[in-house]
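# Observations on chain architecture
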Amino acid sequence: MESILAPTNLGLSPLYQGHEPGVWRAPDVLMSAGLEEALGPDVSITRLPRPAYHPEPPEGTCIRNGYAIRQFSVMLAGHVAHSVQQGHFVLVLGGDCSILLGALAGARQKGPVFLIHFDGHSDFRHPGNYDARRVKSGVAGMDLALATGRGEAFLTQWPGVSGPLVPDERVFQIGERESHDPDFAWPDITATAITQNDIFEFQRIGRAGTSLRIKTFLDAQTETAFWIHFDVDVLDQAFMPAVDCPGSPGLSPADMHAFLTPLVSDRRCLGMTVSIYDPEKDPTGRCAQTLVTLLGHLAYRGGRVPGKSPDSSAREGA
């Protein structure tokens, strides 16, 4: 197993003038909070350099830090590709959701992949549903759209990859909580071949029903590898308020453990990106401990390590 620390906040917009999103600190904070110990001494750790953040889009695009995201993604892709080719499971710790692009670009060097996308938002902003020529935008709200080939070419076309990083029919999005809002920004996702299981569907069919849907989706092509994206804002804000856009309803840590354990234990799984935890919004460190417990239990491809169960963390966080 290899863990790649990706301390980037390039995909987020500032909350106010002079603000710089604090998610870049997440990888080191999680490691210091016990994740490095939980992962064990045999796990290789790679720390990428932190890129410089600029609140205003560069000339030629309305995407904040757009060209810097391209550069960082290519660097990340190189590390992921090398690790995957060595047969290692890769845990990429961000940082914001833009890390998905580099991770997939690296994973794709081994061949086609499926994507299991856990996120409280579908992150499907693209030029078809907003004015990309006028509106400043952050990649953290666009990562799934970009990964499926929607958006500016410098963030949809990647070295060694033909077509989009992942076609619509190979994506399963789980956890969207805004789809029932009358002003839902990305309703066009329902017209795509992306498989969706929003939080309301989860409430209807539960863990067992959702797990069965994921298994059926992946087993349709049994030999194809897959990647997991875990945006921690898919967790209900009762457990995970330390994100840029917390909300309810959402999954519990125990729900995520139930979903992730069989996925990371599957030898087709190449790796996982973890994003959007903001230590600046976690003054007590409670949210860091929730994630350390959850990710520590997954460190050995589903094997358990000493410590409290996700269910006990969920009870404490309630």
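Residues numbered from 1 in each chain as written. Predicted model: local features only at pLDDT ≥ 70, side-chain atom pairs only at ≥ 80, totals over all residues. Heavy atoms only, no water.

Formally: UniProt positions are given in the numbering used here, feature names are shortened, and annotations may be inferred rather than shown by experiment.
In the nomenclature of an unreviewed UniProt entry, the protein chain is known as Arginase family protein of Acetobacter farinalis. Quoted straight from UniProt, the Sequence similarities (unreviewed entry) entry for the protein chain says "Belongs to the arginase family."

## Considerations on the packing of aromatic side chains
Applied cut-off: Only Phe, Tyr and Trp rings take part, Trp by its six-membered ring, and two of them pair if their centres are within 6.5 Å. Stacked means planes under 30 degrees apart, edge-to-face means over 60, and tilted covers everything else. Strands are runs of DSSP state E lasting at least 2 residues, helices are runs of H or I lasting at least 4, and numbering of each runs from the N terminus. Three exposure classes are used, based on accessible area relative to the maximum for each residue type with a 1.4 Å probe and protein chains only: buried under 20%, partly exposed in between, and exposed over 50%.
Applying the stated criterion across every chain, the model contains six aromatic pairs. Ring geometry for Phe114 versus Phe217: centroids 5.4 Å apart, planes at 85°, classification edge-to-face. Placement of Phe114 in strand β4 (residues 113-118) and of Phe217 in helix α5 (residues 199-219) is noted, with a sequence separation of 103 residues between them. Between Phe202 and Phe259 the ring centres are 6.0 Å apart and the planes differ by 75°, which places this aromatic pair in the edge-to-face class. With Phe202 in helix α5 and Phe259 in helix α6 (residues 253-265), this residue pair connects regions lying 57 residues apart in the sequence. The class of Phe259 is buried, set by a relative accessible area of 1%.

## Section: the layout of surface pockets
The rolling of a water-molecule-sized probe over the atoms marks out the regions of remaining empty space. The cut-off we apply is this: Both cavities and pockets are sets of points on a 1 Å grid over the protein atoms alone; in a cavity a 1.4 Å probe fits but cannot get out, in a pocket the set is open with protein on both sides within 12 Å along at least five of seven lines, and lining residues sit with an atom within 4 Å of a point. Grid points are joined across faces, edges and corners, and a volume is the space filled by probe spheres set on the points. Amino acids are sorted into nonpolar (Ala, Val, Leu, Ile, Met, Phe, Trp, Tyr, Cys and Pro), charged (Asp, Glu, Lys and Arg) and polar (every other residue, Gly among them).
Counted as a void, the largest pocket has a volume near 430 Å³. What lines the largest pocket is a set of 26 residues, and nearest its centre among them are Leu12, Arg125, Ala140, Gly141 and Asp244. For the lining of the largest pocket, the per-class residue count stands at nine nonpolar, seven polar and ten charged.

## Some remarks on the pairing of β4
As a general feature of sheets, a regular strand has side chains that alternate between the two faces. Our working definition: Two strands qualify as a pair provided DSSP detects at least 2 bridges between them.
With six of six residues buried, β4 is to be regarded as a mostly interior element. Taking every second residue as pointing to the same face, both faces of β4 are buried, with Val113, Leu115 and His117 on one and Phe114, Ile116 and Phe118 on the other. The sheet contact formed by β4 and strand β7 (residues 225-231) spans six bridges and is parallel. Across the sheet, His117 pairs through a bridge with His229, a residue of β7.

## Observations concerning the pattern of salt bridges
Rule in force here: What counts as a salt bridge is simple: a side-chain nitrogen of Lys or Arg found within 4 Å of a carboxyl oxygen of Asp or Glu.
All told, the structure shown has eleven salt bridges when counted by the stated rule. For Arg150, the salt bridge goes to Asp168, with nearest N and O atoms at 2.7 Å. Placement of Arg150 in the loop between α4 (143-147) and β5 (171-174) and of Asp168 in the loop between α4 and β5 is noted, with a sequence separation of 18 residues between them. For Arg204, the salt bridge goes to Glu201, with nearest N and O atoms at 2.7 Å. With Arg204 and Glu201 both in helix α5 and three residues apart, this pair spans about one turn of that helix. Residue classification places Glu201 among the partly exposed positions, given a relative accessible area of 22%. In the salt-bridge network here, residues are joined through shared partners; they are Lys215, Asp219, Asp266 and Arg268.

## Considering the sheet that holds β7
What counts here: Angles here are taken between N-to-C directions and fall from 0 to 180 degrees, while the axes themselves are lines fitted to C-alpha atoms, restricted in helices to the stretch in contact. Contacts between residues were defined by any pair of non-hydrogen atoms, one from each residue, lying within 4.5 Å.
Strand order in the open sheet made by the eight strands is β2-β1-β3-β8-β7-β4-β5-β6, with parallel pairing throughout. Among the strands making up the open sheet, the edge pair consists of β2 (44-47) and β6 (195-197). Adjacent strand axes in the sheet meet at a mean angle of 15°, parallel and antiparallel pairs treated alike. Strands in contact with helix α3 (residues 99-107) are β1 (2-6), β3 (90-94), β4, β7 and β8 (269-275); relative to β8, the strand with the most contacts, it is inclined by about 170°.

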